[in-house]
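Next come the chains, spelled out residue by residue.
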Amino acid sequence: MFKTKLTFISSLLLACSCAGNSSTSTPEEAPGLYKAFEDKFLLGTALNGRQISGEDSLGQAAALKHFNSFVAENVMKCEEIHPERDRYFWADADAFIKLAEDNGKHIVGHCLIWHSQCAPWFFKDEKGERVSADTLKRRMRDHIHAVVGRYKGRVKGWDVVNEAIVEDGSFRKSPFYEILGEEFIPLAFEYAHEADPDAELYLNDYGMNVPGRRDTYVRLAREMKAKGLRLDAIGMQSHIGMDYPDLKEYEAAMDSFINTGCKVMITELDMSALPTVYQGANISEKVDMKKELNPYTGGLPDSVSNAWNDRMREVFDIYLRHADDITRVTAWGVTDGDSWKNGFPVSGRTDYPLLLDRDYNPKPFLTQKQ
């Protein structure tokens, strides 16, 4: 089936340029990438504020053409949507929802509970002291009910808890964990389900192939299901590189999550083409710039571009083998120029990690010979 789809889309994508090469093509000249996978899984992207508003009109047009599922990169995170205890800022999130709805896109909410990009007031009382467990529970419930409730019936699913586990399988020492312990995860799912009983609910993290983190999420998923809590899918962020993760280990982790009875979502896919510095996605960690860490400022050499496309094809082959259990594959950004990987973990680097190049063209991993 997939080879038939590849033959179909190949004839339509031949005019697209290879990654890193310039082109005068516009987003309108090629068909949507999602069409190659529409009988397998949703193909999504994360939109930034300029794309949502239309300030980046070419980026918005490319997103509308090539993807059938949208998630907001930042505008629904706590520090953006709930900047003060008694004030919500809805304008940007409302604009995101409207853009997606007006164009018939599947909508994912990101994210409800995350230690990073959480509004500073969330964990502090009027005296600046850390809040009690009861207070934090109340704030979590109020926040989740407000956000999920506003978009009830419109957002199809929510990343409820994001990045809660570290590599050795222990809980991240976030304020949520330090105040509430492991209880904060099931509580967040309870509150989200109360706010919209029909919405799907997800756990989400990076480095999900790492055995310690993988095993803890498998345990959590089984425990939550045993308690009757709704957990529809486990999100594998999939910030990957040319030399990590081992794809057999990556696929084995996917199988482990599927065996819990959950679906799998690939939630933040990007693949760096640059020398590996750091394999995680902890945005607080940075590395000093060195020339050898930023070798492709003028574009990718053909050999590197070809290797990137070969590896991305291998990654998508894994997704296609598991298409019965994967419901969505979402790239974390529209084009290479939008990607957070350009500045992480080394500020100022030029990277090429996404499915569309800087000229808004799909990369040829679908069209090159198998």
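Draft legend 1. Spatial organisation of the overall build of the protein chain. Counting secondary structure elements, the protein chain contains eleven helices and nine strands. Within the protein chain, the proportion of its 370 residues that are buried is 58%.

Draft legend 2. Spotlight on the state of the cysteines. Enumeration over the complete set of coordinates arrives at zero disulfides. In this structure Cys78 is not part of a disulfide, and its nearest cysteine sulfur, from Cys118, lies 3.9 Å away. Looking at Cys78, the relative accessible area reads 5%, which means it is buried. For Cys118, a relative accessible area of 11% gives the class buried.

Draft legend 3. Main features of the packing of helix 10 (residues 247–258) against helix 11 (residues 302–321). It is at 11 Å that the axes of helix 10 and helix 11 come closest, and there the two elements cross at 25°. Viewed along their axes, helix 10 and helix 11 adopt a mutual orientation that is roughly parallel. Taken as a pair, helix 10 and helix 11 cross one another with a handedness that is right-handed. For the pair helix 10 and helix 11, the contacting residues are Leu247, Tyr250, Glu251 and Met254 in the first and Arg311, Glu314, Val315, Ile318, Tyr319 and Arg321 in the second. Considering only residue class, the contact of helix 10 with helix 11 consists of six nonpolar, no polar and four charged.

Draft legend 4. A look at the packing of aromatic side chains. Counting across every chain of the model gives 14 aromatic pairs. Ring geometry for Phe316 and Tyr319: centres 5.3 Å apart, planes at 70°, overall edge-to-face. Of this pair, Phe316 and Tyr319 both sit in helix 11, three residues apart, which is roughly one turn of that helix. The class for Phe316 is buried, based on a relative accessible area of 2%. Ring-pair connections join several aromatic residues into one group, and the members of that group are Phe37, Phe41, Tyr250, Phe316, Tyr319 and Phe365. Between Arg213 and the ring centre of Tyr206, over which it is positioned, the NZ or CZ distance is 4.6 Å. Above the ring of Tyr352, the side-chain terminus of Arg358 is found at 4.9 Å from the ring centroid.

Draft legend 5. Local environment of the pattern of salt bridges. The full count for this structure, using the stated rule, is 19 salt bridges. One salt bridge connects Glu178 with Arg130, and the closest N-O pair in it is separated by 2.7 Å. Taken together, the residues Glu178 in helix 7 (residues 175–180) and Arg130 in the loop between strand 3 (106–113) and helix 6 (133–150) connect sequence positions 48 residues apart. Residue classification places Arg130 among the partly exposed residues on the basis of a relative accessible area of 42%.

Draft legend 6. Summary view of the pairing of strand 8 (residues 263–272). Counting buried positions along strand 8 gives nine out of ten residues, so the element sits mostly inside the fold. When strand 6 (residues 233–236) meets strand 8, the two strands line up parallel, connected through four bridges. Note on strand 8: the bridge partner recorded for Ala233 is Lys263. Relative to strand 8, strand 7 (residues 239–241) is paired through three bridges, and the arrangement is parallel. If you follow His239 over to strand 8, its bridge partner there is Asp270. Viewed along the sheet, the connection from strand 7 through helix 10 into strand 8 turns out right-handed. In terms of strand pairing, strand 8 meets strand 9 (residues 326–331) through four bridges, oriented parallel. Bridging from a neighbouring strand, Met265 pairs with Arg328 of strand 9.

Draft legend 7. Highlighting helix 6. In this model, helix 6 (18 residues) spans 26 Å end to end at C-alpha, consistent with the 26 Å of a helix rising 1.5 Å per residue. Among all positions of helix 6, only Thr135, Leu136, Arg139, Met140, His143, Ile144, Val147 and Val148 are buried. Buried residues along helix 6 sit against helix 4 (78–81), strand 3, strand 4 (157–162), helix 7 and helix 8 (184–195).

Draft legend 8. Representation of the environment of Ala46 within the structure. Tracing the backbone shows Ala46 in strand 1 (residues 42–47). For Ala46, a relative accessible area of 1% corresponds to the buried category. Spatially, the C-alpha atom of Ala46 lies 8.7 Å from that of Ser69, the residues being 23 residues apart in sequence. Dropping the residues within four chain positions of it, Ala46 is found in contact with Gln51, Val71, Glu73, Thr330, Ala331, Trp332, Gly333 and Val334.

Draft legend 9. Geometry of the pairing of strand 4. For strand 4, a buried count of six out of six residues is recorded, marking the element as mostly surrounded by other parts of the structure. Sheet topology places strand 3 next to strand 4; four bridges connect them, and they run parallel. Bridge pairing in strand 4 links Val108 to Gly157. With helix 6 bridging strand 3 and the parallel strand 4, this β-α-β connection has right-handed handedness. Here strand 4 pairs with strand 5 (residues 200–205) via five bridges, running parallel. Its bridge partner lying in strand 5, Asn162 is registered against Asn204.

Rules used in this analysis
- Numbering of residues starts from 1 in each chain and follows the order in which that chain's sequence is written.
- Residues qualify for local features only when their pLDDT is at least 70, as the model is predicted, and side-chain atom pairs are given and counted only at 80 or more; totals for whole chains, interfaces and linings, by contrast, use all residues.
- Heavy atoms throughout the structure, all of them, feed into the side-chain values; hydrogens and water do not.
- Only runs of H or I of at least four residues qualify as helices and only runs of E of at least two qualify as strands under DSSP, and these elements are numbered from the N terminus.
- Note on exposure labels: buried denotes an accessible area under 20% of the residue type's maximum, exposed denotes more than 50%, and partly exposed covers the range between, all computed with a 1.4 Å probe on protein chains only.
- Our working definition of a disulfide is a cysteine sulfur pair at a distance within 2.5 Å.
- An axis is simply a line fitted to the C-alpha atoms; with a helix, the fit covers only the stretch in contact. Between two such axes, the angle follows the N-to-C directions and lies from 0 to 180 degrees.
- Here roughly perpendicular refers to angles of 65 to 115 degrees, roughly parallel to angles under 35, roughly antiparallel to angles over 145, and oblique to all remaining angles.
- Crossing handedness is read from the near helix: turned anticlockwise from the far helix by less than a right angle, it gives a left-handed crossing, and turned clockwise, a right-handed one.
- Residue contacts are defined here by distance: any two heavy atoms, one from each residue, within 4.5 Å place the two residues in contact.
- Basically, the charged four are Asp, Glu, Lys and Arg, the nonpolar ten are Ala, Val, Leu, Ile, Met, Phe, Trp, Tyr, Cys and Pro, and anything else, Gly included, counts as polar.
- Pairing of aromatic rings covers Phe, Tyr and Trp, the last counted by its six-membered ring, and requires centre-to-centre distances within 6.5 Å; plane angles under 30 degrees mean stacked, over 60 mean edge-to-face, and any other angle means tilted.
- Note on criteria: charge over ring means Lys NZ or Arg CZ within 6 Å of the ring centre, with the direction from the centre no more than 35 degrees off the ring normal.
- Every case where a carboxyl oxygen of Asp or Glu lies within 4 Å of a side-chain nitrogen of Lys or Arg is listed as a salt bridge.
- Think of it this way: DSSP has to see at least two bridges between two strands before they count as a pair.
- Orient the strands so they point away from the viewer; a crossover is then right-handed if the path from the first strand over the helix to the second runs clockwise.
- In a helix, the anticipated span is given by 1.5 Å times the number of residues less one.

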